[in-house]
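# Close look at the chain arrangement
Spelled out, the chains give:
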Amino acid sequence: ESEVIAVTTTWYNPYLRQILEFDILMDTDFTWATTGESSMMDVQNIATHELGHGIGLSDIYDTACSAVTMYGYSSNGDIAKRDLAQPDITGLQKLYGK
């Protein structure tokens, strides 16, 4: 059984430094909800994380950053990462400027 909740594939042109397209796939082996139900994966929580990948952010695996949107793990009922934390914003500013 896979533990992958979702995956984002990004097509990038390094010569132009442009993201051309990205696709997000969410694993249908999980039960999904939009209401933060404790027994289901939250669509917005996971989609926000995957959109971060789509625009160039990487996973963070430091447990001190477990509340950050780009933290590489999630669980059923997790809704804390529906929006960006300051480290996520800092990463975006490094990529794209203020």
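See above for the structure.
Please read all numbers here as calculations on a predicted model, not as lab measurements.

Take helix α2 (residues 86-96) next. Those residues of α2 that sit buried are D88, G91 and L92. Each buried residue of α2 lies within a common arc of 100° when the element is viewed along its axis, so the set occupies one face. The exposed set on the far side of α2, more than 90 degrees from its buried face, consists of Q86 and K94. One or two steps after α2, the chain reaches G97, where phi turns positive at roughly 90°.

Spanning 12 residues, helix α1 (residues 43-54) covers 16 Å between terminal C-alpha atoms, matching the ideal 16 Å at 1.5 Å per step. In the core, the buried residues of α1 are packed alongside β1 (6-13), β2 (18-26), β3 (32-33) and β4 (41-42). Among the residues of α1, the N-terminal cap falls to D42, whose side-chain oxygen and the backbone nitrogen of Q44 are separated by 3.4 Å. Directly after α1, the chain includes G56, whose backbone phi takes a positive value near 110°.

Right, let's talk about a nonpolar patch on the surface for a bit. Residues Y12, I19, I55, L95 and Y96 make up a contiguous nonpolar surface patch of roughly 470 Å² in combined accessible area. One can find I19 in strand β2.

The rules behind the values
- Residues numbered from 1 in each chain as written.
- Predicted model: local features only at pLDDT ≥ 70, side-chain atom pairs only at ≥ 80, totals over all residues.
- Heavy atoms only, no water.
- Buried < 20%, exposed > 50% of the residue type's maximum accessible area, 1.4 Å probe, protein only.
- Helix = DSSP H or I, 4+ residues; strand = E, 2+ residues; numbered from the N terminus.
- Arc of directions from axis to C-beta.
- Expected span 1.5 Å × (residues − 1).
- Contact = heavy atoms within 4.5 Å.
- Polar contact = N/O pair within 3.5 Å; in protein donor to acceptor, adjacent residues only side chain to side chain.
- Patch = residues over 30% accessible without salt bridge, like charges linked within 9 Å, V, L, I, M, F, W, Y side chains within 5 Å.
- Areas by Shrake-Rupley, 256 points an atom, 1.4 Å probe, with all protein chains shown as cover.
- Salt bridge = Lys/Arg side-chain N within 4 Å of Asp/Glu carboxyl O.

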